[in-house]
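Observations on chain architecture
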Amino acid sequence: MIKNGWVTCPKCGKKLFPINKDAIVKNLEYQCKVCKEIFKVNIESQEP
Ligand SMILES: [Zn+2]
């Protein structure tokens, strides 16, 4: 779901928005602009 600093859609894999490596996100509801899938983004820590 995170690829090269971008949050990606779990359904279609499209890049949605950039995110910092040290960002923490909890239960952010987001709708993919491409396939309209609604999903929750949870980022606790990203592996280097
Ligand atoms: Zn999508």
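1. Some points on the overall build of the protein
A tally of regular secondary structure across the protein gives zero helices and five strands. In the protein, the succession of helices and strands from N to C terminus is β-β-β-β-β. Within the span of the protein, comprising 48 residues, buried residues form 27% of the whole. Once local pairs closer than 6 in sequence are excluded, the contacts in the protein between residues at least 24 apart make up 24%.

2. Quick notes on the pairing of strand S3 (residues 15-18)
Across three bridges, strand S2 (residues 6-8) lies against S3 in antiparallel orientation. Looking at S3, one finds that tryptophan 6 is bridged to proline 18. Where S2 folds back on S3, the antiparallel hairpin that results is connected by six residues, among which glycine 13 adopts a positive phi of roughly 80 degrees.

Basis of the calculations
Residues numbered from 1 in each chain as written. Predicted model: local features only at pLDDT ≥ 70, side-chain atom pairs only at ≥ 80, totals over all residues. Heavy atoms only, no water. Helix = DSSP H or I, 4+ residues; strand = E, 2+ residues; numbered from the N terminus. Buried < 20%, exposed > 50% of the residue type's maximum accessible area, 1.4 Å probe, protein only. Contact = heavy atoms within 4.5 Å. Pairing = 2+ DSSP bridges.

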